[in-house]
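One letter stands for each residue in the lines below.
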Amino acid sequence: MAQFKAHSVLPGFNLALGFTLLYLSLIVLIPLSSLFFKTATLGWSGFWEVATDERVLASLRVTFVASFAAATLNAIFGLVVAWVLVRYSFPGKRLVDALVDLPFALPTAVAGITLAMLYAPNGWIGHYFAEHDIKIAYTPLGIVVALTFIGLPFVVRTVQPVLADVEAEVEEAAASLGASRWDVFRRVIFPSIYPALLTGFALAFARSIGEYGSIIFIAGNMPFISEIAPLLIVAKLEQYDYAGATAIALIMLIISFALLLAINGLQWWSNRREIR
Amino acid sequence: MSLPQQLINNRKITTHESKVVTLVLITVALSYLVLFLGIPLFAVFYEALGKGWSLYWAALQDPDAWSAIELTLIAAAIAVPANLVFGVAAAWAIAKFEFRGKSVLITLIDLPFAVSPVVSGLIYVLLFGAQGWFGPWLQEHDLKLIFAVPGIVLVTIFVTFPFIARELIPLMQAQGKDEEEAAVSLGASGWQTFWRVTVPNIKWGLLYGVILCNARAMGEFGAVSVVSGHIRGMTNTIPLHVEILYNEYNFVAAFSVASLLALLALVTLLAKSIVEFKAKSNGDRLPHGETE
C-alpha cells in the first residue's frame, strides 16, 4: 500500500476514491460486464453465428458507410466553419458560434422527427430533391443527413482552439519568404491543425456508430438497406432474443473501444506536436 | 536580395485572403449551418405553432404529456445530483492526489460515452429484466425496475455519468493543490478547505458540467426507450411521448411537445454561453496547463 499512493497532507483521499470506485462499479462496470457473461452463454460458435449473420453484417455496413460519409462531410465543412469563426468577423458571429453546439443540446428524437419531416419527398427540403427523383428520407441518404447533424459540432470544436493558436508570426515569415496565401495554408497552417481535424473526424465517427434516436425516424429501417445495428438490437430484444441482441451489442462495444483508443492516441499525438 | 528590395517585397506580403475568398468562405460556412441547424430549429417551432396556439396548448395540456414532463423532471432531478456528487469525489481523488492506475480510472469514467444508447439500455435489462441476473430475486420481492420508473432513472444516470467528472478533472488538475495545502497547513479542516477554497475555484466548471448533464438527462431517447416499456402516462418521458405522437401521425402534438425540448436546448446553449463568458471575464482558472 505504501507504493500505491504518494504522501499528501490533504484529507479525504480514501473517502473520495472509495466512493468513486463504488459508484463506478455499480453504475458502469457491473452492468457492462453483463454483456460478456450473457454472450458467453451463446458459446463461441453461437456468437460467431450471430456475428456473421447476413442481416447483422448488412446493418453494420450501413452504420459504417453512413457514419464515414457524414464524418467526412463534417470534416470538410467543419473546417470551413472553424476557419470562418476564428479568422473573420461578421455580424451575429457570437450567436452563430453558440448555435454550433445545438446538436449537443437538442434531444436526438426531436432532431429525428424534424429532419424526417424536412427531407420527406413533400418536405421543405426534400421536395427540391424529389423533383430530380432523389429520395433522401427513408433511404440510406437520410441516415447520412441525420448523422451529419449529430456530428456537426465535433470537428468545429476540436479545430477551433488549435487554429486560434497558430502564430501569426509563422504565417508572416512564410509569406515574406514569398509563399502565396494558398501555400501558407497548405504548408504551414494545415499541418498544425491536421491532428485536430483527424481527432474531430474520429469523434464524430465514433458518436455516429452508436446513434439511434435521430436515425430511426428518417431511415425507413429496411433490413439490408437502411437498418442500422442499434435498431437490430432493439428488434431482437422485442423478439425476446436476448442473447442475439447482446452479441451484436458486444461487437459494437468492441468497435467503440477500438475507436476510443484510437482517439486517445490521436490526442496524445496532437498534444506532442503542440509542445514541439 | 538587397535590403531595400526586401522592404519593397514586404509591402506585398499576403497574410490575409482576398475579399472574394473571404466572402465565399463565410457564405459556405453560414449556408451549411443554416441548412443543418437553422432550418431544423425553425421548423420545430413552425410545425408546433403553424396550426395555431389552441392546438399547441391542447397538446401540452394533455394528461399524458404532463405525466411525461413529470417523469423527465424526476429522472433529471435524481441523475444530475447523483453524478454531481460522483464528479466532485472523482475529481478530488484524481486531481489532488497521486496514485497508481490513475489514467486507467480516467478512461473508465469516460466509458459510458463510448457505449451506444441502445446498449446502455440493454445492459440494465440484462441485469434487472425478468430473465436477468437479479430478475427472479426482484420478482420474489415484488420489485419492478425494468419497464418502470427506477429503470429509467438508472439508465439516465448511466448515460450522463461522465459529464460533470470530465469537466472537473482537467480543471482541478490544472489548478493544482497548492491553495488547499496552504489552507490545511493554516489549520482549516478538510470540509472547510473544500467549501472555502476548492468550490469557489471550480464553481463555473461545475455549473458548466451540470448544464450539459441536465440537457442530456432530459433529452435521452435510445437508452430510456429500451427500458421504458412505453406505458402511456406511466413510463413515458418527454422524448418517448414525442415518438408515440409522431408514430400516431399526430404531427402537431408531436412537434408541440418537441418544442419544449427545443426550448430546453436553447436555454442550455444560452446558459452555456453565459457560463463561458463569466469564467473568461473573471479570469477564472480555466485549464492552462500549469501542471503539465
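What you see is a predicted model; the values in this text were computed from it and never measured.

## Structural notes on the packing of helix H3 (residues 53–61) of chain B against helix H4 (residues 63–96) of chain B
Residues and elements named next belong to chain B. At a closest axis distance of 5 Å, the pairing of H3 and H4 adopts a crossing angle of 60 degrees. The angle between the axes of H3 and H4 places the two elements in the oblique class. Contacts between H3 and H4 involve Ala59, Leu60 and Gln61 on the former and, on the latter, Pro63, Ala65 and Trp66.

## Remarks on the interface of chain A and chain B
Counting residues at the interface gives 90 residues for chain A, matched by 88 residues for chain B. Counting the surface lost from both chain A and chain B, the interface buries some 7,800 Å², and carbon and sulfur atoms represent 81% of this. Connecting chain A to chain B are two salt bridges. Between Glu17 of chain B and Arg181 of chain A there is a salt bridge whose closest N-O contact spans 2.6 Å. For the pair chain A and chain B, the interface holds twelve residue pairs in polar contact (both at pLDDT 80 or more). Sort the elements by how many residues they give to the side of chain A that touches chain B and helix H1 (residues 13–40) of chain A lands first, with 20 residues.

## Here's the deal with the pattern of salt bridges
All names here are of chain A. Tallied over the entire structure, the rule returns 15 salt bridges over all chains. Arg181 is paired through a salt bridge with Glu171; the nearest N and O atoms lie 3.2 Å apart. Of this pair, Arg181 sits in helix H10 (residues 181–210) while Glu171 sits in helix H9 (residues 168–176), placing them ten residues apart in sequence. Here Arg181 matches Glu171 in class, with each residue buried.

## Describing the environment of Ile233 of chain A
Inspection of the secondary structure puts Ile233 of chain A in helix H12 (residues 229–238). Measuring from C-alpha to C-alpha, the distance between Ile233 of chain A and Gly123 of chain A comes to 30 Å, with 110 residues separating the pair along the chain. Discounting residues that sit within four places of it in the chain, Ile233 of chain A has contacts with Ala245, Ile248, Ala249 and Met252 of chain A together with Val118, Val119 and Leu122 of chain B.

## So, the confidence of the model for chain B
Overall, the prediction assigns chain B a mean pLDDT of 89, with 92% of residues at 70 or greater. Summarising per-element confidence for chain B, the mean pLDDT is lowest in helix H1 (residues 3–10) of chain B (52) and highest in helix H8 (residues 149–159) of chain B (96).

## Thoughts on unusual backbone geometry
Residues and elements named next belong to chain B. At Phe147, a position not held by glycine, the phi torsion is positive, near 60 degrees. Phe147 sits in the partly exposed class, given a relative accessible area of 37%. In this structure, Tyr249 takes a positive phi of about 60 degrees despite not being glycine. Within the secondary structure layout, Tyr249 lies in the loop between helix H13 (238–247) and helix H14 (251–281). Taking relative accessible area as the criterion, Tyr249 reaches 67% and is therefore assigned exposed.

## Re the packing of aromatic side chains
Where two aromatic rings form a pair, the distance of their centres and the angle of their planes describe that pair. In this structure the tally under the stated criterion is 40 aromatic pairs over all chains. Between Tyr23 of chain A and Phe86 of chain B, the ring centres sit 5.0 Å apart and the planes meet at 25 degrees, which makes this aromatic pair stacked. In this pair, Tyr23 of chain A is assigned in helix H1 and Phe86 of chain B in helix H4, connecting two distinct chains. On the basis of relative accessible area, Tyr23 of chain A is assigned to the buried category, the value being 10%.

## What about helix H8 (residues 140–165) of chain A?
All names here are of chain A. Between the first and last C-alpha of H8 there are 38 Å, a value that for 26 residues agrees with the 38 Å anticipated at 1.5 Å per step. At Gly151, H8 shows its largest kink, close to 40 degrees, and the proline Pro153 lies no more than four residues downstream. With 20 of 26 residues buried, H8 lies mostly within the body of the structure.

Rules used throughout
Residues numbered from 1 in each chain as written. Chains lettered and ligands numbered in written order. Predicted model: local features only at pLDDT ≥ 70, side-chain atom pairs only at ≥ 80, totals over all residues. Heavy atoms only, no water. Axes fitted to C-alpha atoms, helices over the stretch in contact; angles between N-to-C directions. Helix = DSSP H or I, 4+ residues; strand = E, 2+ residues; numbered from the N terminus. Parallel < 35°, antiparallel > 145°, perpendicular 65-115°, else oblique. Contact = heavy atoms within 4.5 Å. Buried area = accessible area lost by both parts, 1.4 Å probe. Salt bridge = Lys/Arg side-chain N within 4 Å of Asp/Glu carboxyl O. Polar contact = N/O pair within 3.5 Å; in protein donor to acceptor, adjacent residues only side chain to side chain. Buried < 20%, exposed > 50% of the residue type's maximum accessible area, 1.4 Å probe, protein only. pLDDT = per-residue confidence, 0-100. Phe/Tyr/Trp six-rings, centres within 6.5 Å; stacked < 30°, edge-to-face > 60°. Expected span 1.5 Å × (residues − 1). Bend = angle between axes of the 7 residues up to and from the residue.

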